[in-house]
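Listed below, chain by chain, are the residues.
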Amino acid sequence: MADPTNSTSFIGLPDQINLLGTEASLITIITIMVVIVAGFVIAHGVRLVTTRYMGTKLPLDARKNMGRAIYYGIVVIALLSALGVSGLDLSGLFLAGGFAGIVIGFATQSLFSNLISGIFLHLDKPMKVGDPVMITGKLPDVAGVLVEVTALSSRFRMFDGTYVRLPNSDVFLSEIRNFSGAAARRVEFTIGVAYTEDTANVINVIKNNLAQTPLVLAEPAPEIYLNNLGDSSVNINVWCWVPFSVWFDMKKQLVEQVKRELDAKGIEIPFPQRVLHLPASGKKRSKGGHATLDRGTSMGPNIEELTDSD
């Protein structure tokens, strides 16, 4: 509330005005008003320049969020500058504001973390809308297509058609595997053949089949090699490169195609099996550990190998 004193200025206004218990001159009041108005004008101009010219490479939402942050930051600085010019004793107000700031800071910590992480995701550009990605590390694995990155969260369409929303801070701190970063992607699968087969011939059959497939790239060349010796089969790894846009379709096609080719060449693809060595019929398991198998006994997949100790 203004409390004019006896002295007046040259324009008929009081020289001193009481503001919250502090005497402030007319010049001081005018300076405060000029600082506040100038702060709003500068904030508006900087936000306009940032959103229209400096942030053109960012998505629209990111430009708006950055513009708002800059605008309110400059306004706060202008208000603090005006309070400094006024000379008011605001120690009590600052003390109360400090406690309130601590409470608000703890309450909005995750909010600001997500906001800043969203801005960094736009600047770093590890993925863009429409990219198929896998988020691993900090979060449980999430695989899907990026739909949008908002101020606080990122939305993904999973490969099963459902949607998931993840906080930007968790996404930014996680490992992001982007499947659209290159023009080609490698198809990998393993096929097992019988131990009686000639592995060199099998590899040659698979290599010729891939060479006749138009969408399998000649460079990098396909890699077919013996990976390991399994319980029931010799396992051969097949690696080949295809255009990224047809990776899913080619993954399904190549497995079926190679299987048909091996069948046509008479190459055996065994199923899991167990070899049982049975003793002569009619014997019973004796106390000494001799083994036999009675008639009518069912042999399931979990029967252990029996050997005759005679």
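As a reminder, the structure under discussion sits directly above these lines.
Attention in this report is confined to the structure presented alongside it. All of these numbers come straight from a predicted model, not from anything done at the bench.

## Observations concerning the pattern of salt bridges
On inspection of all chains with the given rule, the structure shows five salt bridges. A salt bridge links Asp131 to Lys128, with the nearest nitrogen and oxygen atoms 3.3 Å apart. Of the charged contacts in the structure, one is a salt bridge between Glu188 and Arg186, with a shortest N-O distance of 2.6 Å. Residue Glu188 is classed as partly exposed on the basis of its relative accessible area, which comes to 36%. Judged by relative accessible area, which is 26%, Arg186 ranks as partly exposed.

## Observations regarding helix 4 (residues 109-124)
Taking 1.5 Å of rise per residue, 16 residues should cover 22 Å, and helix 4 covers 22 Å from first to last C-alpha, within 8% of that figure. Those residues of helix 4 lying buried are Asn114, Ser117, Gly118, Ile119, Leu121 and His122.

## Let's talk about the sheet that holds strand 4 (residues 142-149)
Pairing is antiparallel across the open sheet formed by five strands, whose spatial order is 6-5-4-3-7. The strands lining the two open edges of the sheet, one partner per strand, are strand 6 (163-167) and strand 7 (175-178). Taking each pair of neighbouring strands and ignoring which way they run, the sheet shows an average axis angle of 40 degrees. Relative to strand 5 (residues 153-158), strand 4 runs antiparallel, the two sharing five bridges. What sits directly across from Leu146, in strand 5, is Phe156.

## With respect to the environment of Thr28
With respect to the secondary-structure elements, Thr28 resides in helix 1 (residues 26-54). Taking C-alpha positions, Thr28 is 9.5 Å from Ala82, a pair spaced 54 residues apart along the chain.

## Quick notes on the packing of aromatic side chains
When we look at a pair of aromatic rings, we describe it by the centre distance and by the angle of the planes. A full pass over the atoms with the stated rule returns five aromatic pairs. The rings of Phe159, Trp247 and Phe248 are connected pair by pair, giving a single aromatic cluster. Cation over ring: Arg47 sits above Tyr71, and NZ or CZ is 4.3 Å from the ring centre. Across the ring face of Trp247, the terminal group of Arg185 is positioned such that the distance to the ring centre comes to 3.7 Å.

Parameters at a glance
Residues numbered from 1 in each chain as written. Predicted model: local features only at pLDDT ≥ 70, side-chain atom pairs only at ≥ 80, totals over all residues. Heavy atoms only, no water. Salt bridge = Lys/Arg side-chain N within 4 Å of Asp/Glu carboxyl O. Buried < 20%, exposed > 50% of the residue type's maximum accessible area, 1.4 Å probe, protein only. Helix = DSSP H or I, 4+ residues; strand = E, 2+ residues; numbered from the N terminus. Expected span 1.5 Å × (residues − 1). Pairing = 2+ DSSP bridges. Axes fitted to C-alpha atoms, helices over the stretch in contact; angles between N-to-C directions. Phe/Tyr/Trp six-rings, centres within 6.5 Å; stacked < 30°, edge-to-face > 60°. Lys NZ or Arg CZ within 6 Å of the ring centre and 35° of its normal.

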